[in-house]
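# An overview of the molecular structure
Residue-level listing of the chains:
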Amino acid sequence: MDRVVVSGVGAVTPMGVTAGSTWNALVEGSSGIRAIKDEWALDLPVRIAGRVDDAFADALPVREVRRTDRAEQLALVAGREAWADAGSPDADPERVAVVIGSANGGIATTLEQNRVLESRGHRRVSPHTVTMLMSNGPAAWLSIDLGAKAGARAPISACAAGAEAIATGREMILAGSADVVVCGGVEAGVLPFSLAAFAQARALSTRNDEPERASRPFDVGRDGFVMSEGCALVVLERESHARARGARLHGAVAGAAVTSDAYDIVGGDPQNQARTIGLALRSAGLSPDDVGFVHAHATSTPAGDLAEAAAIRAALPSPPPVTSTKGATGHLLGAAGSLGVLAALGALRDGRVPPTLNVDEQDPGIDLDVVRGPARATNADHALVNAFGFGGHSAAVVVSRV
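Not measured: the values here are computed from a predicted model.

### Topic: helix α11 (residues 302-315)
Residues three or four positions apart in an α-helix share a direction because the helix packs 3.6 residues into each turn. The terminal C-alpha atoms of α11 lie 21 Å apart, and with 14 residues this matches the ideal 20 Å at 1.5 Å per residue to within 8%. Every buried residue of α11 is listed here: Asp305, Ala307, Glu308, Ala309, Ala311, Ile312 and Ala315.

As structure tokens, then:
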């Protein structure tokens, strides 16, 4: 079977403004979580986050910045990096697609322009508001930038969006509706409103005095996730198409599955999460024993990490090593799954699984071999990436060495 391969990667994250710098920071065990020193955060119960260096936007023309939301800017920068990394494929525009998922889209624009409306009146609202706030904006802008005419899709599936976008890109190539697909997730919601809302839901860590130690997947003392922003994208192609043009391959997206728990609007169902993993392995033609390591969704919430651990053990009776890079990056929401795919690709390529930070005492209810301390050597051929979101969205992606 002609596999779906990854010929390009791009990322803008709290760890770095390129895919390479992000990967290096992950494997070195660095942290991208910092205290929020803006005045607007002083009265909030949560004052930590994973934020992208504002200098990332220097790569964009001023006119482009004025017309786009931060989420769209992140997607343009990461998308251009991924496209260039793929060798800027000379493909028929009608055979090129873009799929970028998000949880909140242009939420910064929505909130800012509503403040303008209330304080200065309707005549001062930006004429670009609609195209800046729409959740399909990142996919639309990048499709225009690349001239992609095979589709500009935008899965809106909370924290599973980035993984679902990659699954969708794979499906499009296997179905023959596109030859090249740029896909992944983006999020730009580190804002007072978002932090306050998640804090009220008691979903966020309140370790304000220890930002770099706040995100603690699998640790007995975890108290919630750390909100972050960023974008991670991959370029997918049929292997024969990529090799014919001499592309350098990062790996293959061997399988994927997207399901819905139909269980709870917030809590995940371990049984369905396990089913999703099984479906992803089946689509890749692999058995549970073929999985060399798992990049877990593991956001550092008390209930979520336990549920996923149960799902992993149910789907993989002899679980391989498990890691969650959210200890370093925080939770990029809609971009979390695609960043997990980038981390898995790097681990398979370099033979080093990045560690889970801040696991001082592993929760006794999580019976898994969690990668702690330094990066762990691996000779794995296949890795599993999980992504789960509010609303019961479940996604799993199988990444393989080429």
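### Quick word on the confidence of the model for the chain
As a general rule, the predicted coordinates of low-pLDDT regions are not to be interpreted in detail. Taken over all residues, the pLDDT of the chain has a mean of 98, while the share at 70 or more is 100%. Mean pLDDT across the elements of the chain bottoms out in helix α2 (residues 62-66) (96) and peaks in strand β4 (residues 96-101) (99).

### Focus: the pattern of salt bridges
Tallying each qualifying case throughout the model produces 26 salt bridges. For Asp223, the salt bridge goes to Arg207, with nearest N and O atoms at 3.9 Å. Linking Asp223 in the loop between α8 (192-200) and β7 (230-238) with Arg207 in the loop between α8 and β7, this pair joins segments that are 16 residues apart in sequence. By relative accessible area, Asp223 is classed as partly exposed at 26%.

### Comments concerning the nonpolar core
Counting 43 residues, the largest nonpolar core has Ile166, Val181, Val234, Leu236, Phe293, Val397 and Val399 as the members making the most contacts within it. If you tally residues by element for this core, the top one is helix α13 (residues 336-350), at 7 residues. Excluding anything up to four places from it in sequence, Leu236 contacts Val4, Val5, Val6, Ile166, Gly169, Arg170, Ile173, Asp179, Val180, Val181, Cys183 and Val253. Of all hydrophobic cores here, the second largest spans 30 residues; its members include Leu76, Ile100, Ala148 and Val182.

### Brief notes about empty space enclosed by the protein
The gaps left among the atoms become clear once a water-sized probe is rolled over them. What the rule picks out here adds up to 1 cavity of 30 Å³ or more. Considered as a void within the structure, the largest cavity measures approximately 40 Å³ in volume. Put simply, the parts of the chain that give the lining of the largest cavity at least two residues each are α12 (326-329) and α13. A total of 3 residues in the lining of the largest cavity trace back to one element, the largest contributor, which is α13.

### A look at the environment of Arg222
One can find Arg222 in the loop between α8 and β7. Given the relative accessible area of 7%, Arg222 is considered buried. With 44 residues separating them in the primary sequence, Arg222 and Val266 have C-alpha atoms 18 Å apart. Beyond its immediate stretch of four places on either side in the chain, Arg222 contacts Arg216, Ser300, Thr301, Pro302, Asp305, Leu306, Asp363 and Ile366. Only 2.8 Å separates the side chain of Arg222 from the backbone oxygen of Asp219, close enough to count as a polar contact. At 2.7 Å, the side chain of Arg222 and the backbone oxygen of Pro302 are in polar contact.

### Re the packing of helix α7 (residues 161-174) against α13
Running from N to C, α7 and α13 cross one another at 65°; their axes reach a closest spacing of 4 Å. Classified by the angle between their axes, α7 and α13 sit roughly perpendicular to one another. Facing α7, whose interface residues are Gly162, Ala163 and Ile166, α13 presents Gly337, Ser338 and Val341. Taken together, the residues of the contact of α7 with α13 sort by class into 3 nonpolar, 3 polar and no charged.

### Structural notes on the packing of helix α10 (residues 270-284) against α11
When two helices pack together, their arrangement is given by the angle between their axes and by how far apart the axes lie. Put simply, α10 and α11 touch, their axes get as near as 8 Å, and they point 45° apart. One finds that α10 runs oblique with respect to α11. Remark: the crossing between α10 and α11 carries right-handed chirality. Of the residues in α11, those in contact with Pro270, Gln273, Ala274 and Ile277 of α10 are Ala307, Glu308, Ala310, Ala311, Ile312, Ala314 and Ala315.

### Focus: the sheet that holds strand β10 (residues 322-323)
With respect to topology, 10 strands assemble into an open sheet ordered β5-β4-β6-β7-β1-β8-β14-β13-β9-β10, the strand pairing being mixed. Across the chains shown, the open sheet's two edge strands, defined by having one partner strand only, are β5 (152-153) and β10. In this structure, strand β9 (residues 293-295) lies alongside strand β13 (residues 382-389), joined through 3 bridges in parallel fashion. Across the sheet, residue Phe293 finds its bridge partner in β13, namely Ala383. Here helix α3 (residues 70-85) sits on the sheet in contact with β1 (4-12), β4, β6 (180-187) and β7, set at roughly 135° to β1. Along the sheet, α10 contacts β8 (251-260), β13 and β14 (393-400); its crossing angle with β8, the most-contacted strand, is approximately 145°.

### Side note on the packing of aromatic side chains
Scanning the entire structure with this criterion turns up 2 aromatic pairs. Here Phe198 and Phe225 contribute two aromatic rings whose centre-to-centre distance is 5.4 Å and whose plane-to-plane angle is 75°, an arrangement assigned as edge-to-face. Residue Phe198 is found in helix α8, and its partner Phe225 is found in the loop between α8 and β7; the two are separated by 27 residues along the sequence. Both residues of the pair, Phe198 and Phe225, count as buried. Ring geometry for Phe198 against Phe390: centres 6.3 Å apart, planes inclined by 45°, an arrangement best described as tilted. Here Phe198 is found in helix α8, whereas its partner Phe390 is found in the loop between β13 and β14, with 192 residues between them in sequence. Since its relative accessible area comes to 39%, Phe390 is described here as partly exposed. One aromatic cluster in this structure is built from Phe198, Phe225 and Phe390.

Calculation criteria
- Residues numbered from 1 in each chain as written.
- Predicted model: local features only at pLDDT ≥ 70, side-chain atom pairs only at ≥ 80, totals over all residues.
- Heavy atoms only, no water.
- Helix = DSSP H or I, 4+ residues; strand = E, 2+ residues; numbered from the N terminus.
- Expected span 1.5 Å × (residues − 1).
- Buried < 20%, exposed > 50% of the residue type's maximum accessible area, 1.4 Å probe, protein only.
- pLDDT = per-residue confidence, 0-100.
- Salt bridge = Lys/Arg side-chain N within 4 Å of Asp/Glu carboxyl O.
- Core = buried A, V, L, I, M, F, W, Y, C linked by side-chain atoms within 4.5 Å.
- Contact = heavy atoms within 4.5 Å.
- 1 Å grid on protein atoms, 1.4 Å probe; cavity = no way out; pocket = protein on both sides within 12 Å on 5 of 7 lines; lining within 4 Å.
- Points joined across faces, edges and corners; volume = space filled by probe spheres on them.
- Polar contact = N/O pair within 3.5 Å; in protein donor to acceptor, adjacent residues only side chain to side chain.
- Axes fitted to C-alpha atoms, helices over the stretch in contact; angles between N-to-C directions.
- Parallel < 35°, antiparallel > 145°, perpendicular 65-115°, else oblique.
- Nonpolar A, V, L, I, M, F, W, Y, C, P; charged D, E, K, R; others polar.
- Left-handed = near helix turned anticlockwise from the far one by under 90°.
- Pairing = 2+ DSSP bridges.
- Phe/Tyr/Trp six-rings, centres within 6.5 Å; stacked < 30°, edge-to-face > 60°.

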